[in-house]
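Overview (structure and organization)
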Amino acid sequence: NNTQAEQYVKKIRHFDAIFASDIHLDPRYESLLLRTAAHLVQVESYTGHGNFNLMSLDEMIKAGKNFLKTRAFQADGLNFIEEVFFANPNRYGFFGKKVSRDITDFIPKKDVAKISNSGHYLLKGESLNLYEPSEDVGDQVILTSGVRGNVKQIHLFLAKAIEAQRNLSRASRSPAPPGHSYHGFGDFDVGKIGYGEHKFTSDFSST
């Protein structure tokens, strides 16, 4: 109904606010959440930020085994990652469409182009053509987040859940839960050059 729709839009507009109806991760899973997120950070640090954006699940598992300063993912960590991906986010208030059904979905490297001075990639074709400098965009725009796969989306979601003190509802308002992000299909984010952290706030709308 209209009231529910209005409440949902309000939460999206105030994505970092806390609402009484928010759902939290069971405290018993907190240590597993922290350990899994830290493990993903470790893999990203040794594979590189750009490579991690495109990393498939199989590549993530191999990276955990092959790098001397990382450790292999344990069964409980992998199970937790799968549970996060396959869980129905409707139960904590996210109603977007699931666009990636399989956790092993990946983005072929042949389909992307690296954007200089950004550490990010864009899908070739419409996304890349739209981003390339033009009179419409101007020269003050910088790519802040390009194409990213399920592993990166899982990492972002877990990191947000930690920041939100296990508030899954708040975490799901930005970024989208794993499997629900259109960044795997061409979406990208931009900011203003030299605008620092303000690029990621509502202040950017006034630039």
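To be clear, the structure that these remarks concern was listed above.
Per chain, the residues get numbers from 1 upward, laid out in the order the sequence is written. The predicted nature of this model means local features are confined to residues of pLDDT at least 70 and side-chain atom pairs, given and counted, to a pLDDT of 80 or more, with totals for whole chains, interfaces and linings taken over all residues. With hydrogens and water set aside, each side-chain value is computed from the structure's full complement of heavy atoms.

**What about helix α4 (residues 57-66)?**
Just so we agree on the cut-off: Categorising residues by exposure relies on relative accessible area from a 1.4 Å probe, with only protein chains included: less than 20% of the type maximum marks a residue as buried, more than 50% marks it as exposed, and the intermediate range marks it as partly exposed. The numbering of helices and of strands both runs from the N terminus, where a helix is a DSSP run of H or I of at least 4 residues and a strand a run of E of at least 2. Arc, as used here, means the arc of the directions from the helix axis to the C-beta atoms. By the convention used here, residues are in contact when the closest approach between their heavy atoms is within 4.5 Å.
Those residues of α4 that sit buried are Leu57, Met60, Ala63 and Gly64. End-on, the buried residues of α4 take up no more than an arc of 120 degrees, which puts them together on one face. When the buried face of α4 is taken as reference, the exposed residues oriented beyond 90 degrees from it are Lys62, Lys65 and Asn66. Looking at the buried residues of α4, the elements they touch are α2 (30-47), α5 (75-86) and α7 (150-163).

**Points about the pairing of strand β2 (residues 120-123)**
Using the following cut-off: A pair of strands is treated as paired once DSSP finds two or more bridges between them.
Residues His120 and Leu122 of β2 are buried on one face, and the alternating residues Tyr121 and Leu123, pointing to the opposite face, are buried as well. Bridge analysis of strand β1 (residues 112-115) against β2 gives 4 bridges, and the strand direction is antiparallel. If you follow Ala113 over to β2, its bridge partner there is Leu122. The antiparallel hairpin formed by β1 and β2 contains 4 residues in its connecting segment, where Asn117 sits at a positive phi of about 65 degrees.

**Topic: the nonpolar core**
In plain terms, the rule: For this analysis, a nonpolar core means a set of buried residues of the types Ala, Val, Leu, Ile, Met, Phe, Trp, Tyr and Cys, connected via side-chain atoms within 4.5 Å.
Core analysis: the biggest nonpolar cluster contains 25 residues, and Leu40, Met60, Ile154 and Leu158 have the highest contact counts within it. Counting residues per element, the ones that place at least two in this core are α2, α4, α5, α7 and α8 (168-173).

**Here we look at unusual backbone geometry**
Here the residue pair Ser174 and Pro175 is connected by a cis peptide bond, since its omega of 5 degrees sits within 30 degrees of zero. Examined against the element boundaries, Pro175 turns out to sit in the loop between α8 and β4 (189-192). The backbone of Asn117 sits at a positive phi, close to 65 degrees, despite the residue not being glycine. Relative to the helices and strands, Asn117 is located in the loop between β1 and β2. Judged by relative accessible area, Asn117 falls into the exposed class, the value being 77%.

Any functional reading would require information beyond the geometric quantities listed.
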